[in-house]
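# Descriptive structure summary
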Amino acid sequence: MAQPADERHETVGDAVARRVEDRRGAASAWVAALRELGSVDLAVYEAVARTPTATLDGPVRRLSRAADYSRLWLGIAAAISLLGGARGRRAAAEGVLAIGVTSATVNMGVKSLARRRRPGGAGPRRFPARRVRMPQSTSFPSGHAAAGFAFAYAVGRHMPELAVPMRLLAGGVAYSRVHLGVHYPGDVVFGSIIGAGTAAMVAVACDRFSLP
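All values reported here derive from a predicted model rather than from experimental measurement.

The rules behind the values
Residues numbered from 1 in each chain as written. Predicted model: local features only at pLDDT ≥ 70, side-chain atom pairs only at ≥ 80, totals over all residues. Heavy atoms only, no water. Salt bridge = Lys/Arg side-chain N within 4 Å of Asp/Glu carboxyl O. Helix = DSSP H or I, 4+ residues; strand = E, 2+ residues; numbered from the N terminus. Buried < 20%, exposed > 50% of the residue type's maximum accessible area, 1.4 Å probe, protein only. Core = buried A, V, L, I, M, F, W, Y, C linked by side-chain atoms within 4.5 Å. Contact = heavy atoms within 4.5 Å. Axes fitted to C-alpha atoms, helices over the stretch in contact; angles between N-to-C directions. Parallel < 35°, antiparallel > 145°, perpendicular 65-115°, else oblique. Left-handed = near helix turned anticlockwise from the far one by under 90°. Nonpolar A, V, L, I, M, F, W, Y, C, P; charged D, E, K, R; others polar. Patch = residues over 30% accessible without salt bridge, like charges linked within 9 Å, V, L, I, M, F, W, Y side chains within 5 Å. Areas by Shrake-Rupley, 256 points an atom, 1.4 Å probe, with all protein chains shown as cover. Lys, Arg positive; Asp, Glu negative; His and termini not counted. 1 Å grid on protein atoms, 1.4 Å probe; cavity = no way out; pocket = protein on both sides within 12 Å on 5 of 7 lines; lining within 4 Å. Points joined across faces, edges and corners; volume = space filled by probe spheres on them.

Bringing the pattern of salt bridges into the picture now. Considering all chains together, one arrives at seven salt bridges under this definition. Where D207 meets R90, a salt bridge forms, and the shortest distance between an N and an O atom there is 3.5 Å. Of this pair, D207 sits in helix α10 (residues 185-209) while R90 sits in helix α6 (residues 85-114); the two residues are 117 residues apart in sequence, bridging distant segments of the chain. For D207, a relative accessible area of 41% puts it in the partly exposed group.

Right under this line is the structure:
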C-alpha cells in the first residue's frame, strides 16, 4: 500500500514539469513525460520498501554506514595510495579531490536549491533491520551516490583494472540509500550523474595543472 506521506512529496519530475508548464503550457508533451517519470520514481521506492529482504538488510545497512562521511572511499584511497605505486597515489589524490568538489557542489549548491523532502521511511517502518538515522539534509540529490561515483570515476581513470569494481561498489552504496528508505531512486540516479560529471571536470583540471 502506498504511503500517503510520500504521495504528498513533490517528485523531481513534478518539480521540473511545473517549471516546463509555466514556460510552455500544460499541453506540452514534456510535462506529461516528466510527471510520469516522477510517478515511476515513487513506484520504485515503494516497491523496494514493500519487498522483504531479511538476508540483505544487514549487509546493505553496513555498506551504507561505511560510506557515511565518505569513510569507505577515504579508506580505499589510503590503501591504493600505499599499495598502488605512483598510479595509486595519483588516483587516490584525484579521487579525494573529486569527492571534496562533488560534496561541496551537492551539499552547498544543488541540495539548497532543490529542497526535496526525505521519504517517509516506509521500508524501515516495516523492516526494523533497515532502520538508520534519517539525515537532516534535503533529499535531492544523494550525496552518498555522488561521492561514490566521483571517486570511482577518478580511480578508474588512473587504474582501469579497478574501474568496474569501484563502479559496482558505488552502485551498491547508491542502492543502499533507497533500500534503507532515506532517498528516492531519482535522488541516487541524479547524484551518480552529478558525481561522475564533477569528477570528469576535476580530471580536466588535474591534467591541466599536472597533479602529481
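Looking now at the nonpolar core. Formed by 26 residues in total, the largest nonpolar core has its most connected members in L72, W73, I76, I80, F151 and M166. When residues of this core are traced back to their parent elements, those giving at least two are α3 (29-50), α5 (71-83), α6, α8 (143-158) and α9 (163-179). Looking at this core, the element that brings in the most residues is α8, giving six residues. Beyond its immediate stretch of four places on either side in the chain, L72 contacts L63, A66, A67, L169 and V173. Formed by six residues, the second largest nonpolar core is a distinct cluster that contains A98, A150, A154 and V202.

All right, on to the packing of α9 against α10 then. Packing of α9 against α10 brings their axes to within 9 Å, and their N-to-C directions diverge by 160 degrees. It follows that α9 is roughly antiparallel to α10 by the angle criterion. Every pair of crossing elements has a handedness; the one defined by α9 and α10 is right-handed. Between α9 and α10, the contacting residues are A174, R177 and V178 on the first element and P185, V188 and S192 on the second. Split by residue class, the contact of α9 with α10 holds four nonpolar, one polar and one charged.

A few words on a nonpolar patch on the surface. A contiguous nonpolar patch, built from V189, F190 and I193 and spanning about 280 Å² of accessible area, is present on the exposed surface. Take V189: it is sitting in helix α10.

Bringing the side chain of R177 into the picture now. Tracing the backbone through its elements, the reader meets R177 in helix α9. Within the buried core, R177 has no salt-bridge partner, and the shortest N-O distance to an opposite charge, that of D68, equals 4.2 Å. Apart from the residues within four sequence positions on either side, R177 is in contact with S64, D68, P135, S142, H144, V182, H183 and V188.

Turning our attention to the packing of α6 against α10. Packing of α6 against α10 brings their axes to within 9 Å, and their N-to-C directions diverge by 130 degrees. Classed by the angle they form, the pair α6 and α10 counts as oblique. When you trace α6 past α10, the crossing you get is right-handed. Along its contact with α6, which presents R90, E94, L97, A98, V101, T102, T105, V106 and V110, the element α10 presents I194, G195, T198, A199, V202, A203, C206 and D207. Grouping the amino acids of the contact of α6 with α10 by side-chain chemistry returns ten nonpolar, four polar and three charged.

Let us now look at unusual backbone geometry. The linkage connecting F140 with the following residue, P141, adopts the cis geometry, with an omega of -10 degrees. Note that P141 resides in the loop between α7 (122-126) and α8. The residue Y69 is not glycine, and still its phi comes out positive at about 55 degrees. Here Y69 is to be found in the loop between α4 (54-66) and α5. Positive phi, close to 60 degrees, is recorded for S70, a residue that is not glycine. Position of S70 among the secondary structure elements: in the loop between α4 and α5. Owing to a relative accessible area of 11%, S70 belongs among the buried residues under this scheme.

A volume near 490 Å³ is recorded for the second largest pocket. If you trace the second largest pocket, you find 23 residues lining it, with D68, Y69, P135, H144 and R177 closest to the centre. Those elements that provide at least two residues to the lining of the second largest pocket are α4, α6 and α8. In terms of residue count, the dominant contributor to the lining of the second largest pocket is α6 (five residues). A breakdown of the residues in the lining of the second largest pocket according to their chemical character gives seven nonpolar, ten polar and six charged.

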